[in-house]
Amino acid sequence: MAPSVEAPAKRRRGLLVSLVIVLVVGLLAVPAAIALTGGSPDTPATAAAPSPTGSPAASPTGPPASPKPGDPPYVKVAWAKFRINGELAAMSDALRKGDLAAFVRPAADKKIRGELERRFRSLRAMRISNVQLTADSGPFDDKLVGGWSEWGVGVGINHCFVVSDCKPDKMLVDTTWRDSPAGYQLVKISTSTNANGPQPWEVAVLTAAVGSRAMVVAPKALASRARAFLPAAERAAKIADRYVLGKKPDRYIVYLAGPSDWKKWFGGSADWAIGFAVPTSDERSDIVLKAEDISGGYAEAVMKHEMGHVATLSGRDYRDVNGENWWLTEGIAEYVEWDGRPVSAYDREQNARRLIREKKFTGNLEKLVPDDDAPDWQIDGAYGLGYYATRCLADQYGHAKMLRFADQVLRGGRPSEAEAPTILGAEWSAVSKRCLAYTKQKVGA
Ligand SMILES: [Zn+2]
């Protein structure tokens, strides 16, 4: 299960934020000398071969020489890299044009062709754009299989969805290529290695309902529900847009999961949850909803909460969201969901009051994160207390200051104690005390 921030089962509800380790991308990008540009098939591979003496075969103006018997290993490596990158460029082109036959052409057998076809169909349905597959690392480990060389290559899938004027997200997969009489053939492809894999489009054939701010994506069996959810997703997205703290998402992507998808996609999630948000690249976070547990009427509220996470957390490494800032991570998602409706109508009031009374909550927000096995009412109440505290910051200190505070604490990794005096004009201990009084007054505790 991916690390996650979660929401409770009130009204059969659970909304999580999963976390991911996206820093890996930056680290892998360091050895730029071995990364190839991924141009068209006839673009020369200009990267230097990994040879300390330099490679006469890797001329900056032309392709590397085809290896001859007796050539040093780097000549073979440079050649393999050049040829594989050519295949990847042709595949990128095929994906852009919608040419399935060309996309699966490098497949070595029926099984791998199936793997490629599934990705092709799903990514095309999701309107993949600005796509470029490149050899990000390798080729490595030239080993002989059945008399032919096999090379491991880390492939970067640089892409956006729907819009072409965009900064591509980079996802990495491991691949194996065979140097066969029919050319370089793909014999293996992994699912995402740098995010919370597998991404749904890697393991399921998907359809998509695409709107102006959101996209609802589902397996074929749930296609009509995806279409039915789109208007609510669009409304939720327009609300979430008003709370974006980082880069505005091109589209909010909402995946609808069937029962087996739910266990598989992005590594699965907590049993009690019915939705979660998960980082899917350095810059993007996507949403998964458990289709069987979300009725049409409730979908919009759940999507507002999850899109609230996407709006406030995308582009950040949010591994610590289950730590001391859990209250604010979930509080602001609840705040987005509630979107300015009267605090007196807030629907977790009862369990928030019960938590204050029965668990003797004394305002220590940093300890609010509920145990995974806590009863539903306690999880519900904890989300409620996170909401009231966040709403308190907005009502007592100002909406804009609350957003700045959340930005510094959730995205900047700054301690509340350090940010409260400068942003809110008061010590954090005083703010906590004031917000406890606010909360008690609102819930009647
Ligand atoms: Zn949440």
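Parameters and conventions
- Every residue gets a number counted from 1 within its own chain, in the order that chain's sequence is written.
- Restriction of local features to residues with pLDDT of at least 70 applies here, the model being predicted, together with a cutoff of 80 or more for giving and counting side-chain atom pairs; totals for whole chains, interfaces and linings are based on all residues.
- Just so you know, side-chain values use all the structure's heavy atoms and leave hydrogens and water out.
- In this listing, donors mean N, O and S atoms no farther than 2.8 Å from the metal, or 3.2 Å for Na, K and Ca; water is missing from the atoms, so a site can look incomplete.
- The numbering of helices and of strands both runs from the N terminus, where a helix is a DSSP run of H or I of at least 4 residues and a strand a run of E of at least 2.
- Three labels apply to residues, based on accessible area from a 1.4 Å probe with only protein chains included: buried if under 20% of the type maximum, exposed if over 50%, partly exposed otherwise in between.
- For the purposes of this analysis, a disulfide is any pair of cysteine sulfur atoms at a distance within 2.5 Å.
- Fitting a line to C-alpha atoms yields each axis, with helices limited to the stretch in contact; the angle taken between N-to-C directions then spans 0 to 180 degrees.
- Throughout this description, any angle smaller than 35 degrees is read as roughly parallel, any larger than 145 degrees as roughly antiparallel, any in the 65 to 115 degree range as roughly perpendicular, and the remainder as oblique.
- We call two residues in contact whenever any of their non-hydrogen atoms come within 4.5 Å of each other.
- By the convention adopted, Pro, Cys, Tyr, Trp, Phe, Met, Ile, Leu, Val and Ala count as nonpolar, Lys, Arg, Asp and Glu as charged, and the other residues, Gly among them, as polar.

**Structural notes on the coordination of the zinc ion**
Tetrahedral metal sites with four donors have an ideal angle of 109.5 degrees; octahedral sites with six donors have ideal angles of 90 or 180 degrees.
Moving on, step 1. Protein coordination of the zinc ion is provided by H305 (NE2), H309 (NE2) and E330 (OE), with donor distances spanning 2.0 to 2.1 Å.
Moving on, step 2. Spacing between the donor residues of the zinc ion along the chain follows H-x3-H-x20-E. Taken together, the residues H309 in helix α8 (residues 296–313) and E330 in helix α9 (residues 326–338) connect sequence positions 21 residues apart.
Moving on, step 3. For H309, a relative accessible area of 1% corresponds to the buried category.
Moving on, step 4. Relative accessible area serves as the criterion here: at 0%, E330 is assigned to the buried category.

**Thoughts on the state of the cysteines**
Moving on, step 1. All told, the structure shown has two disulfides when counted by the stated rule.
Moving on, step 2. Covalently, C160 is tied to C166 through a disulfide, its sulfur atoms 1.9 Å apart. Its S-S torsion of approximately 95° makes the covalent link between C160 and C166 right-handed.
Moving on, step 3. What makes C160 buried here is its relative accessible area of 1%.

**Topic: the packing of helix α10 (residues 349–358) against helix α11 (residues 376–397)**
To describe two helices that pack against each other, one gives the angle between their axes and the distance between the axes.
Moving on, step 1. Their axes nearest at 7 Å, the elements α10 and α11 cross at an angle of 100°. On the basis of their axis angle, the class for α10 and α11 is roughly perpendicular. The residues of α11 that touch α10, namely those facing E349, N351, A352, R354, L355, I356 and E358, are W377, Q378, D380, G381, A382, G384, L385 and Y388.
Moving on, step 2. Considered class by class, the residues forming the contact of α10 with α11 number seven nonpolar, four polar and four charged.

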